[in-house]
Amino acid sequence: MSFARWAGMALATALSLGTASAETLRLSHNVGDGTTWQKGAEKFGEIVAERSGGDIDVRVFPNAQLAGGDQMRQADMVGRGALDLVVTSAINVTPLVPEMAVFSLPYLYDNYEQVDATTAEGGPADMLSEILLEKGIVVLAWGENGFREVTNNTRPIKSPEDMKGLNMRVAGPMYIDVMNALGANPQQMQWSETLTALQQGVVDGQENPIGAVIIPQQVYEMQKYLTTWHYSYDPIFLGISKQKWDSYDAETQTMLREAAEEAMTWQRQITREGTAEGIGFLRDKGMEVYEPTPEELAAFREATQPAFDQWAERVGPEIVGAFQTAIDGAN
């Protein structure tokens, strides 16, 4: 055998052994592969691959594939160690941790400054991280889904009365109560089923953030009307199974957390940029966008107050109070 051939075989063997020794982590998230959720997850994987020297490979699975399409099951699976990593939104974890609904209480937030005051290190979101840890999930970093806006194919939404009778797809239990308070007919549905339901007219509308979902998932191709009512905020988080986390040494844990924080900071930035540019884009695509006046927003706030009160009681006064204190301090 020639030396060149022997060297080539040796190199191929070394490369194959190197690839085989890399640890693969599976990361599941709710929505499609064109979203900022996917981009943030991929960014995390890129950073981890680089900083681990290729020893850790993060594979990203969109549309809750690893949970059979059930976006509500993902966090529970991570907590049990059946999944390694998850990127999911707070509202999708409420069946497991009802306190996570605090982020999405109707009209809790007015702006991003208030949001950032609650999710910053040392802020009240740390209280939720502690609860999730008890469920077997280590929160590595907070990202953003965004302020949820309402779309539909029936009529412009300018007042609570305009919501009456509309069949609305919703993501979680709290939004069922919000829609009931507005007189709509809520239908809880997996996101993987929602686009087809909108196309077929099974539901009249849905509510989601502009930059993270409505634009990248091309909801504008199926919906005519959008109202920027900013009625609920929805963060996402990148979490890892505590079982997996505990298997790493302190150096690897630090690397994973720093990679997550960097990736989610970037994900939050591009989501907000997409939202800022989104209104003009959606109008160019033919959507009729209505931006409510302060008085009209006050009417929506009043109409959804029963749902706020109901869920604030479930979350608990200590957590709600901590969030409201942080928000007041950001004003």
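Residues numbered from 1 in each chain as written. Predicted model: local features only at pLDDT ≥ 70, side-chain atom pairs only at ≥ 80, totals over all residues. Heavy atoms only, no water.

Asker: Please explain the nonpolar core as it appears in this structure.
Answerer: In a soluble, globular protein the nonpolar side chains are often hidden away together inside. Residues M100, F103 and M163 are the most contacted members of the largest nonpolar core, which totals 55 residues. Leaving out residues up to four positions away in the same chain, M163 has contacts with V150, R155, I157, M168, M179, L182, G183, A184 and W229. Counting residues in hydrophobic clusters, the runner-up holds 45 residues, among them V138, W191, A212 and M264. (Core = buried A, V, L, I, M, F, W, Y, C linked by side-chain atoms within 4.5 Å. Buried < 20%, exposed > 50% of the residue type's maximum accessible area, 1.4 Å probe, protein only. Contact = heavy atoms within 4.5 Å.)

Asker: I would appreciate a short explanation of the layout of surface pockets in the present structure.
Answerer: Each pocket or cavity is described by its volume, and for the largest pocket that value is around 330 Å³. Residue lining of the largest pocket: 15 residues in total, with T119, E121, A141, W142 and E261 positioned closest to the centre. When residues of the lining of the largest pocket are traced back to their parent elements, those giving at least two are α4 (112-119), α5 (125-134), β4 (137-152) and α10 (250-284). Of all the elements, α10 adds the most residues to the lining of the largest pocket, at five residues. Split by residue class, the lining of the largest pocket holds six nonpolar, three polar and six charged. Looking at the second largest pocket, its volume works out to about 210 Å³. Contributing to the lining of the second largest pocket are 14 residues, with Y112, F147, E149, H230 and T275 lying nearest its centre. Where the lining of the second largest pocket is concerned, the elements lending two or more residues are β4, β8 (225-241) and α10. Examining the composition of the lining of the second largest pocket, we find that four residues originate from one element, β4, more than from any other. The class makeup of the residues in the lining of the second largest pocket is five nonpolar, six polar and three charged. (1 Å grid on protein atoms, 1.4 Å probe; cavity = no way out; pocket = protein on both sides within 12 Å on 5 of 7 lines; lining within 4 Å. Points joined across faces, edges and corners; volume = space filled by probe spheres on them. Helix = DSSP H or I, 4+ residues; strand = E, 2+ residues; numbered from the N terminus. Nonpolar A, V, L, I, M, F, W, Y, C, P; charged D, E, K, R; others polar.)

Asker: Even after reading the chapter, I still don't get the pairing of strand β7 (residues 205-209), so can you show me in this structure?
Answerer: A regular strand places its side chains so that they alternate between the two faces of the sheet. Across the five residues that make up β7, a large majority, five, are buried. Across the two faces of β7 the burial is the same, with G205, E207 and P209 and Q206 and N208 all buried. Strand direction decides the pairing type here: β4 and β7, joined by five bridges, are antiparallel. If you follow T151 over to β7, its bridge partner there is Q206. Of the pairings in the sheet, the one linking strand β5 (residues 167-170) to β7 comprises two bridges and is parallel in character. From the neighbouring strand, M168 faces β7, where its bridge partner is G205. (Pairing = 2+ DSSP bridges.)

Everything listed here is a matter of geometry and, on its own, says nothing about what the molecule does.
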